[in-house]
Amino acid sequence: MKNEHLDFLNEAIKEAKKGLSEGGIPIGSVLVKDEKIIASGHNKRVQENNPMIHAEIDCLMNAGRIGSYGDTVLYSTLMPCYLCAGAVIQFGIKKVIVGESKTFPGAVEFMKSHGVEVIDLNNDECIKLMSDFIIKNPELWNEDIGRL
């Protein structure tokens, strides 16, 4: 794994752990432009009682209006769902790097079919973080992915 991927993924993992410490779902995201993090976020569905605040959405909201997103890279600890993949496509993000898709396959084919390069790092820490959460909180997880 390239070091820059690991550095940025580690920042997303910090966001995921922050969300978990707040009683939320441990998914984190960072947006990178010119090899620098310009925004970060984490899933806040539980904390804000808002089903739309997934990690990637929170990250993009925190980035604000930056003009073109075409030269950014979105990192997420987990493969984005269709909601977040739709935001990636809507804003023209061309590359998404994820920690893992083992616990949730997400919308990888959807993003790829729209020209997004998706790199799955299959990161052990990300897999353990989500696996442990899902085992301990199956109802909350199923609510998050719309499977209740």
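See the structure shown above.
Given the structure is predicted, the values throughout are model-derived calculations rather than measurements.

A. How the structure looks around the packing of aromatic side chains. Scanning all chains against the criterion turns up four aromatic pairs. Centre to centre, the rings of Tyr82 and Phe110 are 5.4 Å apart; their planes meet at 55°, and the pair counts as tilted. Placement of Tyr82 in helix H4 (residues 82-90) and of Phe110 in helix H5 (residues 108-113) is noted, with a sequence separation of 28 residues between them. What makes Tyr82 exposed here is its relative accessible area of 55%.

B. Broad picture of the side chain of Glu56. In this structure, Glu56 sits in helix H3 (residues 55-63). Salt bridges are absent for the buried Glu56, whose nearest opposite-charge side chain, Arg45, sits at 10 Å. Looking at Glu56, its side chain comes within polar contact range of the side chain of Ser76, at 2.7 Å. Excluding residues within four positions of it along the chain, Glu56 makes contact with Ser29, Leu74, Ser76, Leu78, Pro80 and Cys84.

C. Up close: the nonpolar core. Among the nonpolar cores identified, the biggest contains 31 residues, and Leu31, Ile93, Val96, Met111 and Trp141 are the most heavily contacted of them. Sorting the residues of this core by element identifies H3, H4, strand S4 (95-98), H5 and helix H6 (124-136) as the ones contributing at least two each. Residue contributions to this core peak at five residues, all from H3. Ranked by size, the runner-up nonpolar core spans 11 residues in total, among them Leu9, Ala12, Val73 and Leu121.

D. Here's a closer look at the packing of H3 against H4. Across the interface, H3 lies against H4 with an axial gap of 8 Å and an inter-helix angle of 35°. Contact residues: H3 offers Glu56, Ile57 and Leu60, while H4 offers Leu83, Cys84 and Ala87. Residue composition of the contact of H3 with H4, grouped by class: five nonpolar, no polar and one charged.

Quick notes on the rules
Residues numbered from 1 in each chain as written. Predicted model: local features only at pLDDT ≥ 70, side-chain atom pairs only at ≥ 80, totals over all residues. Heavy atoms only, no water. Phe/Tyr/Trp six-rings, centres within 6.5 Å; stacked < 30°, edge-to-face > 60°. Helix = DSSP H or I, 4+ residues; strand = E, 2+ residues; numbered from the N terminus. Buried < 20%, exposed > 50% of the residue type's maximum accessible area, 1.4 Å probe, protein only. Lys, Arg positive; Asp, Glu negative; His and termini not counted. Salt bridge = Lys/Arg side-chain N within 4 Å of Asp/Glu carboxyl O. Polar contact = N/O pair within 3.5 Å; in protein donor to acceptor, adjacent residues only side chain to side chain. Contact = heavy atoms within 4.5 Å. Core = buried A, V, L, I, M, F, W, Y, C linked by side-chain atoms within 4.5 Å. Axes fitted to C-alpha atoms, helices over the stretch in contact; angles between N-to-C directions. Nonpolar A, V, L, I, M, F, W, Y, C, P; charged D, E, K, R; others polar.

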